[in-house]
Amino acid sequence: MLIKEAQQQVDHWIKTVGVRYFSELTNMVILTEEVGELARHMARIYGDQSYKKGEQPPFRQPAERAGEGPLADEMADVLWVLICLANQTGVDLTEALEKNFEKKNIRDATRHKENEKLK
């Protein structure tokens, strides 16, 4: 699926199933919540935290790579709300990402290669 198609499909879903978009501020708060949920799983899977007693780790690494499990689900939630915000504010994410690549290619052309910490 292309980013443009994702923006169109989310818009269609919102207008037919979701009734209407939440306000931009509400969606910004929801985006923050979703990033927090992703961070929680990242801290337990890759970081030093563990799941609480009785809380079963919900997946194994190979399943995650196949697009299943909490990381994939939370990343999709983040993307969904980000797309909602883009649609609401008139941002074409394809165009924005292309411009962002241009910016990074100019600004960071040698920056990371010259970073001693990355060697």
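Further up the page is the structure itself.
Predicted model, so just to flag it, every value in this text is computed and none were measured.

Draft legend 1. Representation of helix H2 (residues 24–45) within the structure. In a regular helix each residue adds 1.5 Å, so 22 residues correspond to 32 Å; H2 covers 31 Å between its end C-alpha atoms and thus fits that length. Among all positions of H2, only Asn-27, Ile-30, Leu-31, Glu-34, Leu-38, His-41 and Arg-44 are buried. Each buried residue of H2 sits inside an arc of 160° when the element is viewed along its axis, so together they form one side. Close packing links the buried residues of H2 with helix H4 (70–89).

Draft legend 2. Representation of the packing of aromatic side chains. One pass over the structure, following the stated rule, counts one aromatic pair. With a centroid separation of 5.4 Å and 80° between ring planes, the pair formed by Trp-13 and Trp-80 is classed as edge-to-face. Taken together, the positions of Trp-13 in helix H1 (residues 3–16) and Trp-80 in helix H4 put the pair 67 residues apart, joining distant regions of the chain. Residue class for Trp-80 comes out partly exposed when judged on its relative accessible area of 33%.

Draft legend 3. Spatial organisation of helix H5 (residues 93–107). Taking 1.5 Å per residue as the helical rise, H5 with its 15 residues ought to reach 21 Å, and the 20 Å between its terminal C-alpha atoms agrees with that figure. Where H5 begins, one side-chain oxygen reaches toward the backbone nitrogen of Thr-94, 2.9 Å away; that side chain belongs to Asp-92.

Draft legend 4. Main features of the pattern of salt bridges. Scanning the entire structure with this criterion turns up six salt bridges. A salt bridge links Glu-95 to Lys-99, with the shortest nitrogen-to-oxygen separation between them at 3.1 Å. Remark: Lys-99 and Glu-95 occur in helix H5; sequence separation between them is four residues, near one turn of the helix. Given a relative accessible area of 39%, Glu-95 falls into the partly exposed group. Here Arg-107 ties to Asp-108 by a salt bridge, and the two come within 3.1 Å at their closest N and O atoms. Judged by relative accessible area, which is 48%, Arg-107 ranks as partly exposed.

Calculation rules
Residues numbered from 1 in each chain as written. Predicted model: local features only at pLDDT ≥ 70, side-chain atom pairs only at ≥ 80, totals over all residues. Heavy atoms only, no water. Helix = DSSP H or I, 4+ residues; strand = E, 2+ residues; numbered from the N terminus. Expected span 1.5 Å × (residues − 1). Buried < 20%, exposed > 50% of the residue type's maximum accessible area, 1.4 Å probe, protein only. Arc of directions from axis to C-beta. Contact = heavy atoms within 4.5 Å. Phe/Tyr/Trp six-rings, centres within 6.5 Å; stacked < 30°, edge-to-face > 60°. Polar contact = N/O pair within 3.5 Å; in protein donor to acceptor, adjacent residues only side chain to side chain. Salt bridge = Lys/Arg side-chain N within 4 Å of Asp/Glu carboxyl O.

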